[in-house]
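# Structural characterization, general
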Amino acid sequence: QVQLVESGGDLVQPGGSLRLSCVASGITFSMYTMGWYRQAPGKQRELVATITSGGSTNTADSVKGRFTISRDNAKNTVYLQINSLKPEDTAVYYCNAEYYKRLNYWGQGTQVTVSS
């Protein structure tokens, strides 16, 4: 079965950095567009960044310049490098795998909390 397993969430101080990882299994990883989404308490889930099978990236304006998505097809892993963290970045971060809008899978999420 398909599994997306996120890791790397933590409690960090404002201005800190984190690298989130998502390891995929049960899919032909290199063919999927991979994405990171986040959901803060009381808010809707929102797109953070995506990376296509060809390596093209799309990053939300709200995090552009601070968040970087990347992938390693040999390791079936997608990463999200998060720098200059702000309290408003506090959320559960979810990994997503999409295949031409026909197949769509989600991970269970990893908590990022930014607080002093």
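Below you will find a few notes about this structure. (Residues numbered from 1 in each chain as written. Predicted model: local features only at pLDDT ≥ 70, side-chain atom pairs only at ≥ 80, totals over all residues. Heavy atoms only, no water.)

## Examining the pattern of salt bridges
For the structure on display, the rule yields five salt bridges. For Lys64, the salt bridge identified is with Asp61, shortest N-O distance 3.1 Å. Note on accessibility: Lys64 and Asp61 belong to one class, exposed. Here Glu98 ties to Lys101 by a salt bridge, and the two come within 4.0 Å at their closest N and O atoms. For Lys101, a relative accessible area of 72% puts it in the exposed group. One salt-bridge network, held together by shared partners, links Arg38, Glu46, Arg66 and Asp89. (Salt bridge = Lys/Arg side-chain N within 4 Å of Asp/Glu carboxyl O. Buried < 20%, exposed > 50% of the residue type's maximum accessible area, 1.4 Å probe, protein only.)

## Focus: the side chain of Thr90
Tracing the backbone through its elements, the reader meets Thr90 in the loop between β8 (77-82) and β9 (91-99). Only 2.9 Å separates the side chain of Thr90 from the backbone oxygen of Pro87, close enough to count as a polar contact. A distance of 2.9 Å separates a polar atom in the side chain of Thr90 from the backbone nitrogen of Val114. Ignoring anything within four residues of it in the chain, the contact list for Thr90 reads Ala40, Pro41, Gln111, Val112, Thr113 and Val114. (Helix = DSSP H or I, 4+ residues; strand = E, 2+ residues; numbered from the N terminus. Polar contact = N/O pair within 3.5 Å; in protein donor to acceptor, adjacent residues only side chain to side chain. Contact = heavy atoms within 4.5 Å.)

## Topic: the side chain of Glu6
Among the structural elements, Glu6 can be located in strand β1 (residues 3-7). Of the side chains bearing the opposite charge, Arg45 lies closest to the buried Glu6, which forms no salt bridge; the N-O distance is 7.5 Å. In this structure the side chain of Glu6 is engaged in a polar contact, spanning 3.0 Å, whose partner is the backbone nitrogen of Gln108. The contact partners of Glu6, leaving out residues within four places of it in the chain, are Ser21, Cys22, Trp36, Tyr93, Tyr94, Cys95, Gly107, Gln108, Gly109 and Thr110. (Lys, Arg positive; Asp, Glu negative; His and termini not counted.)

## Brief notes about the packing of aromatic side chains
Applying the stated criterion to the full structure yields four aromatic pairs. When the ring of Tyr32 is compared with that of Tyr105, the centres are 6.3 Å apart and the planes differ by 40°; the resulting orientation is tilted. Taken as a pair, Tyr32 in the loop between β3 (18-25) and β4 (33-39) and Tyr105 in strand β10 (residues 103-106) lie far apart in primary sequence, 73 residues in all. Taking the relative accessible area as the measure of exposure, Tyr32 reaches 6% and is therefore buried. Relative accessible area serves as the criterion here: at 25%, Tyr105 is assigned to the partly exposed category. Measuring from centroid to centroid gives 4.8 Å for Tyr99 and Tyr100, while their planes differ by 90°, and the two rings are edge-to-face. Overall, the relative accessible area of 18% leaves Tyr99 in the buried class. In textbook terms, an aromatic cluster arises when at least three aromatic residues are bridged by ring pairs, as seen for Tyr32, Tyr99, Tyr100 and Tyr105. (Phe/Tyr/Trp six-rings, centres within 6.5 Å; stacked < 30°, edge-to-face > 60°.)

## Focus: the pairing of β10
When β9 meets β10, the two strands line up antiparallel, connected through four bridges. The partner of Asn96 across the bridge, within β10, is Trp106. Counting the residues that bridge the hairpin from β9 to β10 gives three residues, and of these Tyr100 lies at a positive phi of roughly 45°. (Pairing = 2+ DSSP bridges.)

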